[in-house]
There are 2 protein chains.
Amino acid sequence: MSVLIVGTTALDSIKTPKAENPRLLGGSASHAAVAASFFSPVKLVGGVGEDFPRKYLDLYRRHKIDLTGLQILPGKTFHWSGEYELNMNNRRTLATELGVIETFSPTLPESHRKSQFVLLANIAPSLQHHVLDQMQRPKFVVADTMDLWLNIALPDLLKLLPRIDCFVLNDSEADQLTKEDNVFAALKKIHKLGPKYVIIKKGSHGSILSAPQGFFICPAYPLHTLCDPTGAGDSFVGGMMGYLATARGSIDSNIRRAMIYGSVTASFCCEGFGLNRTTKIKRADIEKRVKELEKLTKF
Amino acid sequence: MSVLIVGTTALDSIKTPKAENPRLLGGSASHAAVAASFFSPVKLVGGVGEDFPRKYLDLYRRHKIDLTGLQILPGKTFHWSGEYELNMNNRRTLATELGVIETFSPTLPESHRKSQFVLLANIAPSLQHHVLDQMQRPKFVVADTMDLWLNIALPDLLKLLPRIDCFVLNDSEADQLTKEDNVFAALKKIHKLGPKYVIIKKGSHGSILSAPQGFFICPAYPLHTLCDPTGAGDSFVGGMMGYLATARGSIDSNIRRAMIYGSVTASFCCEGFGLNRTTKIKRADIEKRVKELEKLTKF
């Protein structure tokens, strides 16, 4: 089955202590879509400006991403620029130019409305709602978010949570949302807000799933070199959804392995700027690291 | 087989945002010895003052810890007092009264010199050397340390590393020692200093082993409540050594599982002040959590 992915499609200018890269392909939907494309067909829903480089459309197409839902709008593409500190953990936003994303509304083509697997990647919760409003009984809906929406659109986000199956957020966002620093206490509170599955991401420390069948501690694939972590969380959830959409059996029987595949796909993302590394790998490279991760964690 | 454990035997006064506990049994050797005692007989080597409470000697004895090597010296027991911040990650030392530990020298009884498994728990590297000087061909020697010795006794520590099989340190100490923030780069540099096995502890994020057979990512048992992390690292290495000393087969075939047992033993340590919780559990409680950890990490 295919995965419908809505989120931001952006140009990212990323500065690290070692290099500076202007106008890379970025955005939550771009990272998630490329990651998911290793496992299943992807339908991308987003909006870009007239300045969006043709080479990035070609990149999507090389990954067989269905662009019927990608709107090319009058104006400029959403542009984010940020800078990482030496330890690569702290980043600060240098500039955010919303461009076409300010008025973008994700209208779904008819062919997209029956999608079974829906990933509401990080974007304004009101737009995540708008996508769900157009869907016909999807099987599994995952939503990601970011601290910005907790700050400026919390009521919208809280109304979204009962509408989705799985909520993915990082540890500091979980802390911000629940005021609980213990992960189990935080997970419990988030379940009460609606989602049956909750995943808290902990960056290089992996992630934890809370599901009807219990908890799962998902390791991160340990990196020998960290180049640029931008988009790693989107790659994680994209890889996970791509794997789930084509795996046989129930969500419960596949979600742990799906997280492992997401984790490994995210590891490649961190090894290059933007999507530079992820777009150079093949499914076999992912399988190799999954096997390695099995060995690394076996006891 | 038994484990010989040398380290500090102390009284700890521990303050957290929730409670204050004066003069608990503490010190690296106390935590490590109690942890190891669930798996194998333990020979404790340390020094306490005349003020050392009788109830703590009884506590050691209840855990069948051989106290032949525990010297009761004229003067006061080493006393550490510290305070944890609200997030329980940062702690600051309020007072350190060395007492008898200032002049203590670990002289081994004849019966201890042929021990096969030796844990040089955290104490001055010169004293760790002194213990090794008295040993006859031990099979497996593990040393732990702390940032203090990196600061004030680095030459002694560097001379110790080629004499041991396994070096255990935490991530910030590894960073301080190697100036490498990537864990693989740090592990590589530490191997060059001597030890065949290196374990970097990452607190609630588990630990990583680098061994001749490869790396192992060891998860931490996730805690629902964190009371006091003092001694968790000592409990980890103590539990690991206790398990190794009685496991059949080679070090290589047992060390991963030994780390899991150490990790679980440390989880109990964190659930009470000092040794309050660890001294109330049984081997069966550890086995139960090991099984849980297997379930939590299976994919």
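Scope of this entry: the structure provided in the associated data block. (Residues numbered from 1 in each chain as written. Chains lettered and ligands numbered in written order. Predicted model: local features only at pLDDT ≥ 70, side-chain atom pairs only at ≥ 80, totals over all residues. Heavy atoms only, no water.)

1. As for the packing of helix H9 (residues 251–270) of chain A against helix H10 (residues 283–297) of chain A
For any two helices packed against each other, the geometry comes down to the angle between their axes and how far apart the axes lie.
All names here are of chain A.
Argument step 1. Two elements in contact, H9 and H10, have axes separated by 9 Å at closest approach and are oriented at 115°. Taken together, the axes of H9 and H10 lie roughly perpendicular to each other. As for how H9 packs across H10, the hand of that crossing is right-handed. Counting all contacts with H9, which are made through Arg257, Ile260, Tyr261, Val264, Thr265, Ser267 and Phe268, the residues of H10 involved are Arg283, Asp285, Ile286, Glu287, Arg289, Val290, Leu293 and Glu294.
Argument step 2. Tallied by class, residues from the contact of H9 with H10 come to seven nonpolar, two polar and six charged. (Axes fitted to C-alpha atoms, helices over the stretch in contact; angles between N-to-C directions. Helix = DSSP H or I, 4+ residues; strand = E, 2+ residues; numbered from the N terminus. Parallel < 35°, antiparallel > 145°, perpendicular 65-115°, else oblique. Left-handed = near helix turned anticlockwise from the far one by under 90°. Contact = heavy atoms within 4.5 Å. Nonpolar A, V, L, I, M, F, W, Y, C, P; charged D, E, K, R; others polar.)

2. Considerations on helix H3 (residues 125–134) of chain A
All names here are of chain A.
Argument step 1. Burial analysis of H3 places seven of its 10 residues in the buried class, which makes it a mostly covered element.
Argument step 2. Inspection of H3 places Pro125, Leu127, Gln128, His129, Val131, Leu132 and Gln134 among the buried residues, and these make up the whole buried set.
Argument step 3. In this structure, the buried side of H3 is in contact with strand S1 (3–6), strand S8 (117–120), strand S9 (140–144), helix H4 (147–152) and helix H5 (154–160). (Buried < 20%, exposed > 50% of the residue type's maximum accessible area, 1.4 Å probe, protein only.)

3. Things to note about the sheet that holds strand S1 (residues 3–6) of chain B
Residue and element names in this part refer to chain B.
Argument step 1. Taken in spatial order, the nine strands of this open sheet run S5-S4-S1-S8-S9-S10-S11-S12-S13, and their pairing is mixed. Either end of the sheet is taken by a strand with one partner, and the two such strands are strand S5 (65–73) and strand S13 (214–218). Averaged over neighbouring strand pairs, the angle between their axes works out to 15° when direction is ignored.
Argument step 2. Here three bridges tie strand S9 (residues 140–144) to strand S10 (residues 166–170), and the two strands are oriented parallel to one another. What sits directly across from Val142, in S10, is Cys166.
Argument step 3. Docked against the sheet, helix H9 (residues 251–270) engages strand S8 (117–120), S9, strand S11 (197–201), strand S12 (207–211) and S13, running at close to 20° with respect to S13. (Pairing = 2+ DSSP bridges.)

4. Some points on the side chain of His31 of chain B
Residue and element names in this part refer to chain B.
Argument step 1. Turning to its location among the elements, His31 is positioned in helix H1 (residues 28–36).
Argument step 2. Exposure remark for His31: the relative accessible area of 1% places this residue in the buried category.
Argument step 3. The contact partners of His31, leaving out residues within four places of it in the chain, are Leu25, Gly26, Thr230, Gly231, Asp234, Ser235, Cys269, Gly274 and Leu275.

5. Some thoughts on the relation of the copies chain B and chain A
Argument step 1. Expressed as a screw transformation, the operator carrying chain B onto chain A has a rotation angle of 180° and an axial translation of 0.0 Å, and the superposed copies differ by an RMSD of 0.0 Å. Such a combination of rotation and displacement between the chain copies is what one expects of a two-fold axis. For chain B, the residue whose C-alpha comes nearest the rotation axis is His205 of chain B, separated from it by 3.2 Å.
Argument step 2. Of the interface residues in chain B, 96% have counterparts in chain A that sit at the interface too, so the contact is made through matching surfaces. (Least-squares fit on C-alpha atoms with pLDDT ≥ 70 in both.)

6. Things to note about the sheet that holds strand S13 (residues 214–218) of chain A
Residues and elements named next belong to chain A.
Argument step 1. As summarised here, the arrangement of the nine strands in space is S5-S4-S1-S8-S9-S10-S11-S12-S13, forming an open sheet in which the pairing is mixed. One side of each edge strand has no neighbouring strand; the edge strands of this open sheet are strand S5 (65–73) and S13. Within the sheet, the average angular offset between the axes of one strand and its neighbour, ignoring direction, is 15°.
Argument step 2. Strand contacts of helix H2 (residues 54–62): strand S4 (42–49) and S5, with the helix running at about 160° to S5, the strand carrying the most contacts.
Argument step 3. Packed on one face of the sheet, helix H7 (residues 183–192) meets strand S10 (166–170), strand S11 (197–201), strand S12 (207–211) and S13 and runs near 140° to S11.

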